[in-house]
Every structure is written in C-alpha cells, then in structure tokens.
Amino acid sequence: MASYDVIVIGSGPGGYVAAIRCAQLGLKTACVEGRDTLGGTCLNVGCIPSKALLHATHMLHEAEHNFAAMGLKGKSPSVDWKQMQAYKAETIGANTKGIEFLFKKNKIDWIKGWGSIPEPGRVKVGDEVHEAKNIIVASGSEPASLPGVEVDEKIVVTSTGALELGKIPKKMVVIGAGVIGLEMGSVYARLGTEVTVVEYLDAITPGMDAEVQRSFQKILTKQGLKFIMGAAVQKTETNKTKAKVHYKLRKDDSEHVLDADAVLLATGRKPYTDGLGLADLGVEMSERGQIKTDAQWQTTIKGIYAIGDAIAGPMLAHKAEDEGMACAEVLAGKHGHVNYGVIPGVIYTHPEVANVGATEEELKKDGRAYKVGKFSFMGNGRAKANFAADGFVKILADKDSDRILGAHIIGPMAGDLIHEICVAMEFGASAQDLALTCHAHPTYSEAVREAALACGDGAIHA
Ligand code: NAI
C-alpha cells in the first residue's frame, strides 16, 4: 500500500493545481485521474479546445469581414474542418502534456484510474488501495440533463460533442443562452451555420449586468445569431441525420418546432461525484448535489476536502485553481484564502465579455449608493483602428468613498482588461486610483482608465 500526505482525486484545473501546490509545500502527493490525459474537462473537452475553435473562426471572420478594408485583398480562406480539428487536438495535447511534465517535475504520482474513498484516509483505484493523511476531492462537473432531450453526442450534443461534430451543420439550435451556448454558437455562426438560440429567460447570460446583456445580444444578433427568448424547450426528436426541437413560448403557451442538423444542449452543469462513495461515508451534500465544505474546504468528514465545480460557487476553472492552491496551503499548515468577491467571469466570444464584483442590479437591490463610470470603445483609438469598437467599459464605484464595487466590460480583450480592475479591487482601490494611473497609448486599457475617469470629473474622449 502506497502512502501519501495528500491524494487529490481529479486532475482538472482545481485538482492539478492543488497537487502541484501540495508538492511545492513539501507534501508527498498523488493525483488520481481516469482519463487518458491529465487536465480534466477544461483542458480536454472544455476551455482549451473551445478557445482553439474560437480563435480559428475569429481569424476567418476577420479575413471575411475586415481584411479587404485594410487593403488585404484576395480570396477569403476556405474551411478545412479536419485540419481545424487537428489544430484543436494539437492544442489539447500540448496543454495536457504540459501538466504531465509539471507532475514529473514536482514528483507527483499520477495514479491512473477512477478513484473512490472506501474510508477516510484511503483511496481505492482499481484493486489497489492507497493511504493518505488527507484527501482532496476535485471531481468537477458534468452537463446537466433536460427532460425530453436525449443526448447522443452526434446530433443532440453537449459541449463535448459540439467540439467534434462530424461536419459543419447547416442549421444548429442551441438550447440555453449561457456561456457555453454563446461561445459554441459563435463558433458555428462564423463557420456559416444558421444558429438559433432558444432561451428560457428574457435576457441572455443570466446574472450578468443588464446593460451588458442587452448590448451583447444586439452585437451577437448583428453577427447572425438568432434568439428566441422566453421559450422553454420541451423535447427533441431525432432521426439519423436531423432533429426537431419543440419549445413553448412562456408569454402565451404557444407551441413551436425548429428543424436542425445539430442541437447543442447548454442549460448548465452539475457536480460530478458519482462513484466516489461519498454518501456511504456520510459526506453531506447540498440539495443541488454540491459537496458541503467549511471555510477551509473540509467536508463534513475530517481529512476529506473538496474544491472546484463539485462544491458551491461559480463553476469556473480559475475559481477551482484558487481553491486548489488555498486548500493545499491549509493542508501544509498555512493560511489559504480565496476572495470570492473578486472572481472574474469571461465569455470568450468576439467581442469578449468580462465582469467582476457587483452588477448594477445587485447594488440597487442592496440599496447601495453608487456611481457609474462608462466609456465606449468608440472613443478608443486602438479599438477603432482594429475594427473592434463595439462595446464599453462600465465601472461601478461607491458614491461616497469612490471604492470600486464592480466592473463590466464588453469589448476587445475584455477578458484581459478586467484584471487590472481585479487587482485594484483586491487592494481596495478607488476609481480615482485607477484614473490617476498612467495608461500607455494607444491601448485598449485606456478605455478602462477613461471609465474610471468617468466616475470622477469625466472621461476625456467621450
Ligand atoms: P449557464 O448556466 O451559463 O446557462 C444556461 C442557460 O440555459 C440559462 O440562460 C438558462 O436560463 C437556460 N435554460 C435552462 N433551461 C432551459 C430550457 N428548458 N429551455 C431554454 N433555455 C433553458 O450554463 P452553460 O452555458 O451550460 O454553462 C455551464 C457552466 O460552465 C457555467 O457555470 C459556466 O460558468 C461554465 N463555463 C464557463 C465558461 C467560461 O468561463 N468562459 C465557458 C464554458 C462554460
């Protein structure tokens, strides 16, 4: 029986980061992973492959729409779907091998197989039982199902199948206007697919700042995505090559049907904890199937910890990574900490959408006195030169103290721009602190500074 200080179950961004940090802090560490490659959903069938397809199709969009205007004339590139898939596979391989290298470098044992916990302090993988002083469960999440919609990963697909459709569909119906639906919907719309998004609510991307939601929907509509809002999908029917999607409009209960060559089910994800044996151990779970933990990520059973998508909070790779690092620090006798108030969210469409902290709606609900500083990318020289002037930066600051409470960006590189605001918030900065910081010209980040200036005496280029 091999004996460890820590065994991490799952090698996604939560698990592999936890394992590396544990090893760096001197703990003898192993990580259990049943997939053929490390990296979990994110590296194998999520964040990384989708970003490869988003990048490739954005390049195509640029060639088709903006090259000629820049004086780059000639035939637009045609799509070699097989090669695009190969590029995606290579991107995945480079990343998953990278984690394998980091495991070797940090002397972390990869125990291959699916793990379960027969009793505290023991992890069973296949016929072998390993001993661990502490166990971290980082088993992630899986797509949630929808009654009446049977996923075959060929015609009716989750995000996993959407990354590797046999061919580019003519018509695609996306169920759910959340992050996955809009990212993958964008990919196929750029490839020429007629994409219709059916959304239960009246606004896309639930929980986001309402002004951003409206602007985002307008921009995506301009890009060719169609939206059917306030519509509940009832069921899908498939034959060998096609599908029908039945939905009901909430406003009048009228029933409608859409034809599609592919249907993407993107109505959320749920914690994946099957086969771990948690119920038999008496580990408490929430009603939503999340593992309950205390503030230091310990479950209701001593020595068993849990992080990432399997516990409460946003299902985001970087939230899992932060918890992985912090949990490892706790196990090494340090003070691990995650500031849940400053976790950015990014949607990698074009333009990108990013947010951190409170939305305007949340501040209103809490009765907070706040001010808004807003700046459109139309006033940003770099964005105009790059055909990327759609969108804006919006900073919300406390009316009296000027402290930044939240920020919402829709525009070029929003997912990168948001981080200077995250750092500012971590340091308790005011909007004026950002506004007084010199920003290089010409950059997109000047739009962030202008929004901060707009919280005070006004933006310059507005
Ligand atoms: P989501 O929770 O973001 O959106 C699901 C949408 O489906 C909601 O708008 C909901 O109202 C709608 N819906 C639910 N039932 C419906 C029905 N019967 N008919 C029509 N619409 C219906 O879920 P999504 O997009 O599947 O993403 C899952 C998780 O993965 C999220 O937590 C997300 O944060 C994470 N993720 C994050 C990414 C990123 O950070 N860029 C990328 C991909 C996923």
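Predicted model, so just to flag it, every value in this text is computed and none were measured. (Residues numbered from 1 in each chain as written. Predicted model: local features only at pLDDT ≥ 70, side-chain atom pairs only at ≥ 80, totals over all residues. Heavy atoms only, no water.)

Peer 1: Just checking my understanding: could you explain the overall build of the protein for this structure?
Peer 2: Per the secondary structure count, the protein includes 14 helices and 22 strands. For the protein, whose C-alpha radius of gyration is 23 Å, the value lies close to the compact-globule estimate of 23 Å for 462 residues. Viewed in the frame of its principal axes, the protein has a C-alpha envelope of about 65 × 60 × 50 Å. Considering the protein as a whole, with its 462 residues, one finds that 52% of them fall into the buried category. Restricting the contact set of the protein to residue pairs at least 6 apart, pairs at least 24 apart contribute 63%. In the form shown here, the protein has an accessible surface area of approximately 21,800 Å², with 52% of it arising from carbon and sulfur atoms. In the protein, 50 side chains carry a positive charge and 56 a negative one; their mean positions are 4 Å apart. (Helix = DSSP H or I, 4+ residues; strand = E, 2+ residues; numbered from the N terminus. Rg over C-alpha atoms; globule rule 2.2 N^0.38 Å. Buried < 20%, exposed > 50% of the residue type's maximum accessible area, 1.4 Å probe, protein only. Contact = heavy atoms within 4.5 Å. Areas by Shrake-Rupley, 256 points an atom, 1.4 Å probe, with all protein chains shown as cover. Lys, Arg positive; Asp, Glu negative; His and termini not counted. Charge placed at Lys NZ, Arg CZ, Asp CG, Glu CD.)

Peer 1: What is the right way to look at the domain arrangement of the protein in this model?
Peer 2: Often, the extent of an interface is quoted as the loss of accessible area on bringing the components together. Splitting the protein by domain gives domain 1 (3-143 + 270-338), domain 2 (156-267) and domain 3 (342-454). Summarising the inter-unit geometry, the C-alpha centres of domain 1 and domain 2 are found 27 Å apart. Of the residues lining the interface, 18 residues belong to domain 1; the matching set on domain 2 comes to 15 residues. Both sides of the domain 1 and domain 2 interface together cover about 1,300 Å² of buried area, and 68% of this is carbon and sulfur. It is V45, L54 and W81 in domain 1 that bury the most area against domain 2; as a group they hold 40% of the surface buried on that side. Linking domain 1 with domain 2 are one salt bridge. Going through the elements one at a time, helix 3 (47-65) and helix 4 (81-105) are the ones with two or more residues in the side of domain 1 that touches domain 2. Tallying contributions element by element places helix 3 first for the side of domain 1 that touches domain 2, with ten residues. Across the side of domain 1 that touches domain 2, the residue classes tally to nine nonpolar, six polar and three charged. (Domains from an automatic or database assignment. Buried area = accessible area lost by both parts, 1.4 Å probe. Salt bridge = Lys/Arg side-chain N within 4 Å of Asp/Glu carboxyl O. Nonpolar A, V, L, I, M, F, W, Y, C, P; charged D, E, K, R; others polar.)

Peer 1: What is the right way to look at the nonpolar core in this model?
Peer 2: A general tendency of soluble globular proteins is for nonpolar side chains to be buried together. If you look at the biggest cluster of nonpolar residues, it comprises 52 residues, and the most contacted ones within it are F103, I117, I136, I291 and W297. Counting residues per element, this core draws most heavily on helix 1 (residues 13-24), which supplies seven residues. Ignoring any residue separated from it by four or fewer positions in sequence, one finds I117 in contact with I9, R122, I135, V137, L276, G277, L278, L281 and I304. In terms of nonpolar packing, the next biggest core, distinct from the first, is built from 37 residues, L54, M184, A189 and I410 among them. (Core = buried A, V, L, I, M, F, W, Y, C linked by side-chain atoms within 4.5 Å.)

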